Amino acid sequence: MNRFVPALLLVPALALAGGVLGCNSSDTGSIQIITDEEAGTFTASPALTKLSVVAESGDASTVLATAQLPTSTIDLGQLSETASVVSIAVEGFDSSNTQRAFGATLPVEYGALAGQTISVFVQRKGTLARLPSPLTDVRQSPTLSVLQGEYLLVTGGAETPVAKTTQLYDFGFFTPVGAPPTLPIAPQSIALAGTVAWLIDDTAGWYFDFSSNASAALALPTGGTFADIAGGATVIDANGAQYIVGATRLTGSPTDKVLKVDPNDGTNSAYPYGNTTWFTLSAPRLGAAAAWTSTYGLVVAGGSNTAAGVEYVMSGSSTGVALTQFPPDPAFGAGAAALDGAHVLVAGGGTGLFQDPGVRDLDLGCAGGSASCATVISWGNLPVVVSPAQTFSWGATSDGLVVGNEFGAGTTHVFRLSPTSITEVPTRTPHTNARAAWSPVGSIVLFGGADVIESFTP
């Protein structure tokens, strides 16, 4: 498998130097902190007074070094080349020892630091910051995906001249990849495994291998067509299987089709990059929201004036089950994210004459009519209708984020969500019809209508 090797770009801020044990005890490496220089990462009130460098592996973490600010270098001491793969995090604290800033590298081995400089982007938590090195176009309504665990893939979009072209942003170096490839079609939906993409539009599908720029036509199994799912969002489960949910698309006819792409399933020789199977929802929907939950599997909400407001497709099944305790929900263009195994946060979208339907916590385990639970728990209303919208959560049952575009104008808004407050998070640069995705380093990034990528760290 080939690897992209872009030129290294570093924005000086702070060098973290570390010795690396091994055959050559003089081997050294460094971690270079980069920031959005106008965002006041270190100086905004309350200012940072201390940095901590932490090696994280699974649920375990080890503090490598701490230093009081201001400083220009932190010595990480002796690091073993044989250590397991880790992500190195930089945490910034104020004078009350409250963590205010965070950044993390891609997973690395300590030995990989020998003679190398590895970049980490550090930003204030709960705010947006601009990543260094803008992209070379300002396409609106792009399709965003993570490629090979390192690159943000930008493709598709509303502008035909660039819709087949790609942009690749490397989170190892925080810089765009030079000369990214052009795709055989302008994808409306996409699934990825390793370097191979499934590209879908409303008439055809293609495989495309980013390691070789090779492409091949993709045929679908019986049970559905490309037109049934094109434009649908891709939901990923805990095992890496991906679900292109046609019901989440914003144009075309309502559809009940979901295409599952499982890169880990090699049982079907007709699909060398992972098996594909069809799911069928209990009712056709348009502009629905979808999320993966550990208990109920794929959950789909809204998008119909007549069907149950929520349904799910349990792992191991291929047929939607309607939760009739939820009345029909016509919300169009909302986003969804799992708060836990049985609660889904839904935000954004519009109803009727495009009124905000409210931010709501859906309790899937509530039977309805019970004094001990409520099927829908209101978190309030957004101050502006944003459709389409994407909703994110990060393991906290009382916290979330929604990124959406103002109906009509297309102006992108970002709101922090909790059961008691809804707060707008200002973008650093105005965006129009931007889209958002989880980044390879655990932040939420948005791009569209401007050449910069902005990052949010919970």
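Since the structure is predicted, the reported quantities are computational estimates derived from the model, not experimental observations.

A. Focus on the overall build of the protein chain. Along the protein chain, the regular secondary structure elements total one helix and 37 strands. Here the protein chain has a C-alpha radius of gyration of 22 Å; the compact-globule value for 458 residues is 23 Å, and the two agree. On the principal axes, the C-alpha backbone points of the protein chain span a range of 65 × 50 × 40 Å. Burial statistics for the protein chain: of 458 residues in total, 55% are counted as buried. Restricting to contacts in the protein chain with at least 6 residues of sequence separation, those with at least 24 account for 50%. Approximately 18,100 Å² of the protein chain is accessible, and the part contributed by carbon and sulfur atoms is 52%.

B. Fine view of the sheet that holds strand 22 (residues 275–285). If you trace the four strands from one edge of the open sheet to the other, you get 19-20-21-22, paired in antiparallel fashion. One side of each edge strand has no neighbouring strand; the edge strands of this open sheet are strand 19 (233–236) and strand 22. Going from strand to strand, the sheet's axes swing by 25° on average, the running direction of each strand aside. Sheet analysis places strand 20 (residues 242–245) next to strand 21 (residues 255–262), joined by four bridges and oriented antiparallel. By the bridge assignment, Ile244 is partnered in strand 21 with Leu259.

C. Inspection of the side chain of Ser418 at higher detail. Its place among the elements puts Ser418 in the loop between strand 33 (412–417) and strand 34 (422–424). Setting aside residues no more than four positions away along its own chain, Ser418 makes contact with Trp379 and Ser398.

D. Up close: the sheet that holds strand 31 (residues 386–392). Spatially, four strands are ordered 31-32-33-34 in an open sheet, and the strand pairing comes out antiparallel. A single partner strand is all that each edge strand has here, and the edge strands are strand 31 and strand 34. This sheet shows a mean twist of 25° between the axes of neighbouring strands, independent of strand direction.

Cut-offs and rules
Residues numbered from 1 in each chain as written. Predicted model: local features only at pLDDT ≥ 70, side-chain atom pairs only at ≥ 80, totals over all residues. Heavy atoms only, no water. Helix = DSSP H or I, 4+ residues; strand = E, 2+ residues; numbered from the N terminus. Rg over C-alpha atoms; globule rule 2.2 N^0.38 Å. Buried < 20%, exposed > 50% of the residue type's maximum accessible area, 1.4 Å probe, protein only. Contact = heavy atoms within 4.5 Å. Areas by Shrake-Rupley, 256 points an atom, 1.4 Å probe, with all protein chains shown as cover. Pairing = 2+ DSSP bridges. Axes fitted to C-alpha atoms, helices over the stretch in contact; angles between N-to-C directions.

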